[in-house]
Amino acid sequence: MSFALNIVLSLSINLAIPAPQQDTIVQGGMLKESYIVSSRRQAIGVKRLTSDQFSVTPTILGEKDILKAVQMIPGITGGKEGNAGIMIRGGDYDQTDFEMDGGTLFNPAHLLGFVSAYNPETTGDLDVYKGELPAWFGGRLSGIVDVHGRDGDFTKYHAGITVGLLSANVWAEGPILKDRLSFIAGGRKSYFNLIMYPLYRKIANQGSFLDAFDNLGYYDANARLSYRAGARDHLALTFYIGNYNINKTGGTMPVIAEQSDAGSVMRDDRFDTSSAQRWGNIMGALNWTHSFQNGGDLFGTISYSFFRNAVISKSHLDYLKYAEREDMEEISPKMFRKFTVTTELEKGASSTDFLRQNRIDDLKADFRFSKSFGSHNITMGTMASLQNLGLDIVSSSWNTVNKLYPTPSDDSWESNNKADSTSRLTAIALYADDIFQILPSLTIRAGLRGNMWSVKGKSYFCLEPRASIKWTHKDVLSVAAGYNRTSQAIHQLTSSSITAPGDIWVPVTPDIRPMTANQFYMEIGAAIPWGENPLKLTIEGYYKTMDNLLEWTDLSRTSDDVDWTKNVSTGRGTAYGVEFSAEKTMGKLYASLAYTWSKSLRQFDDLNYGEEFYATNDRRHNVNFLAWYRFSDKWDLSAAFSYHTGDRFTLNNFAILGNMFIYFNPSITTVPVDNGERNNYCLKDYHRLDLSLNYHIFHRKAQSTINLSIYNVYNRLNPYTLQFDRDKQDRPVVYNICIMPFMPSLAYTLKF
């Protein structure tokens, strides 16, 4: 039995490792990177990351994060600083499928995207598909992040706890029936506002913008039961639940003055506001693997996923209007006293409540059979799913006015509105995949997937051919090329404006067709002999077209109507780029470099005057560099540098000032405004350097590690967003907001 206590913070590391295969897992390298070797072929544009990479990947606020490691892969970009979202080769967030043991997580992030929803202590490894897609993967345009849960130990018990500045994480694993049934379970809970937020405000002095961070919180829990039902059967039951929320309150007490016949009229207001955003995932999956005696394997998955995104706002106003006038009274001959006469004229109150909730129920079953026939490895299967996507909007308001002077009267009104819409989307897919080894050095992969979706009496059928070819020469040189066609029947409507966010999941309709994409890709890899370990080089290129993309038409009206179809436009997209990676191990030094040059464009007839415009995720250059050095068994140091072109967004003719909408008149303000042009503004380029130093102490029956990490060593004030305000002369101004400046941290880890 073992127990581990960790207080963890870590740093940016980019690990480029060979693509996953189908046979034996091999351990090797100073960082214990794992990769798959196969007697047949290496998949094209597929990366596997293991728990060893997760522990050394750069973190924010001390949280070890799986998806941050994924973002270091060439061709993959994240959102704003710290965001755990994934965009693959010019695609949008919703075009990446995040899976956990076959079940879907529709929101893979916590804490404004700074932390992923995957617990690194209970996760095994993951595969990232950005090029070649096996036929059994479908439903998304750009790629798959396929996360595999870890089996609990079948023979021994283990437990651990991680305590950091941001959250606590506990986990345990062990046998229930030795060698037959095991469990692993973990849970995380944040306490951001207790430790990090006070420190954060002192370091990142950004005024009222940081008020939105004063009450952030999340929790998640997951468990996995693994059962060996004999030599040929393995079952695994996975459960996940996660929620995070943002709560914000505020209040003002303005005083206004005017004149009336009762004297100077004053008004005291008490205005209270509160807002909240809540996200939640619940997921369960049952996986079964059976190996037949005469060869072949059967894989089956049944999963259920529930997602909810709620936006809540409340406001309440109490006011009192009264008049004051000066008067005098004679208290003795030739002596007078001044006094103030106060007359209450009117009092009242008003309140407004608003709720918008987006929800998804997803029930899915997938079964496939795989068997080798000579030089062919054939997989065939089917998938069926049922999704209910809903949008609810509830608003209520009331107002009372009590006139007290000169003639008393009462007046009041109340309004309640509720609207909801639910769409049922059914899907059926049939697929087949064949890996054909023509020669020891030449392999062809061909696949075909047929998707059929039905919604509100309308059916769509999409055929997805997929093919690739790869040639290798003595494990030193490889050349590969391929083609994928993919389709997608659900959309996440996301505002590219920083001032009017309104992200909701919606399905296809009888008038809105599924999205489709065609991707052509090529890869050249080389292992150049150099000392004990070769220099590994990879260059990849891709060209992708996308049709039936969906975007909001009016970015200022993204949440006021359940009939979202009245405010969307369909269009096309193009993305292309070149990706380069290099890695080398020399003695105690490991180094890697990843660079991506890319372009992502959109064209909608109803947007941007019908002209082509840059997509939100368009970044011309993206660079990640890592160096890791092991001085001895006790000391190791890592350094990571990241750079990318500034983020794009749409700057509208309005902005949020505090929690109030302030509308600027384009004719009198200096704020750059063009309500018709999409993604018309680009933030400054982003770059930073991170350092991490570890000191390991070996005890008789335990091991401890002291870690010193520095995020953003040279304090680059990278802009996260813009904030609109007014200067001392009451002129409208725009500020660049940096939320992650120089951030040092100290960590302690104990295992025994």
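Residues numbered from 1 in each chain as written. Predicted model: local features only at pLDDT ≥ 70, side-chain atom pairs only at ≥ 80, totals over all residues. Heavy atoms only, no water.

### Thoughts on the overall build of the protein
Working step 1: Check the secondary structure of the protein and you find 3 helices and 44 strands.
Working step 2: Considering the protein as a whole, with its 752 residues, one finds that 51% of them fall into the buried category.
Working step 3: Within the protein, residue pairs in contact and separated by at least 24 positions form 67% of the contacts whose partners lie at least 6 positions apart.
Working step 4: Per element, the accessible surface of the protein, about 33400 Å² overall, is 57% carbon and sulfur. (Helix = DSSP H or I, 4+ residues; strand = E, 2+ residues; numbered from the N terminus. Buried < 20%, exposed > 50% of the residue type's maximum accessible area, 1.4 Å probe, protein only. Contact = heavy atoms within 4.5 Å. Areas by Shrake-Rupley, 256 points an atom, 1.4 Å probe, with all protein chains shown as cover.)

### Considering the side chain of N608
Working step 1: Looking at where N608 falls in the secondary structure, it is placed in the loop between strand 32 (589-604) and strand 33 (613-614).
Working step 2: At a separation of 3.0 Å, a polar atom in the side chain of N608 contacts the main-chain amide nitrogen of R678. (Polar contact = N/O pair within 3.5 Å; in protein donor to acceptor, adjacent residues only side chain to side chain.)

### Examining the sheet that holds strand 11 (residues 123-129)
Working step 1: Pairing is mixed across the open sheet formed by 5 strands, whose spatial order is 4-11-12-7-8. With one partner strand each, in any of the chains shown, strand 4 (46-49) and strand 8 (103-104) form the two edges of the open sheet.
Working step 2: In this structure, strand 7 (residues 96-100) lies alongside strand 8, joined through 2 bridges in antiparallel fashion. Bridge assignment links M100 to a residue of strand 8, and that residue is G103. (Pairing = 2+ DSSP bridges.)

### Some details on the nonpolar core
Working step 1: Membership of the largest hydrophobic core comes to 31 residues, with the highest contact counts inside it found for L111, L425 and W505.
Working step 2: Elements with a minimum of two residues in this core: strand 16 (216-228), strand 17 (233-252), strand 23 (409-439), strand 24 (442-455) and strand 25 (458-473).
Working step 3: Residues F54, A69, I73 and I76 belong to the second largest nonpolar core, which totals 22 residues. (Core = buried A, V, L, I, M, F, W, Y, C linked by side-chain atoms within 4.5 Å.)

### Points about the environment of G78
Working step 1: Summarising the element assignment, G78 is placed in the loop between strand 5 (76-77) and strand 6 (87-88).
Working step 2: Residue classification places G78 among the buried residues on the basis of a relative accessible area of 7%.
Working step 3: Between the C-alpha atoms of G78 and I88, which are 10 residues apart in sequence, the distance is 8.9 Å.
Working step 4: When neighbours within four sequence positions are excluded, G78 is seen to be in contact with Q71, G85, M87, Y93 and R619.

### What about unusual backbone geometry?
Working step 1: Cis rather than trans, the peptide bond between Y405 and P406 has omega equal to 0°.
Working step 2: At R89, a position not held by glycine, the phi torsion is positive, near 45°.
Working step 3: Topologically, R89 is positioned in the loop between strand 6 and strand 7.
Working step 4: Phi is positive for N715, close to 55°, though the residue is something other than glycine.
Working step 5: With relative accessibility at 36%, the residue N715 sits in the partly exposed group.

### Considering the pairing of strand 21 (residues 335-373)
Working step 1: Relative to strand 21, strand 20 (residues 297-332) runs antiparallel, the two sharing 35 bridges. Across the sheet, the residue bridging to S315 is T352, located in strand 21.
Working step 2: Where strand 21 and strand 22 (residues 376-403) come together, 28 bridges link them in antiparallel fashion. Bridge pairing in strand 22 links R368 to G381.
Working step 3: Between strand 21 and strand 22, which pair antiparallel in sequence order, lie 2 residues; one of them, G374, sits at a positive phi of approximately 60°.

### Considering the environment of T545
Working step 1: With respect to the helices and strands, T545 occurs in strand 30 (residues 535-552).
Working step 2: Take T545: its relative accessible area is 25%, and that puts it in the partly exposed class.
Working step 3: Between the alpha carbons of T545 and G91 there is a distance of 9.9 Å; along the sequence they are 454 residues apart.
Working step 4: Apart from the residues within four sequence positions on either side, T545 is in contact with T516, A517, N518 and G573.

### Quick notes on a nonpolar patch on the surface
Working step 1: Together, I176, L177, L225, L237, L286, W288, I302, Y304, L363 and F367 make up a nonpolar patch on the protein surface, roughly 860 Å² of accessible area in all.
Working step 2: Broken down by secondary-structure element, the contributors of at least two residues to the nonpolar patch are strand 14 (167-177), strand 19 (263-291), strand 20 and strand 21.
Working step 3: Mapped onto the fold, L363 is located in strand 21. (Patch = residues over 30% accessible without salt bridge, like charges linked within 9 Å, V, L, I, M, F, W, Y side chains within 5 Å. Salt bridge = Lys/Arg side-chain N within 4 Å of Asp/Glu carboxyl O.)

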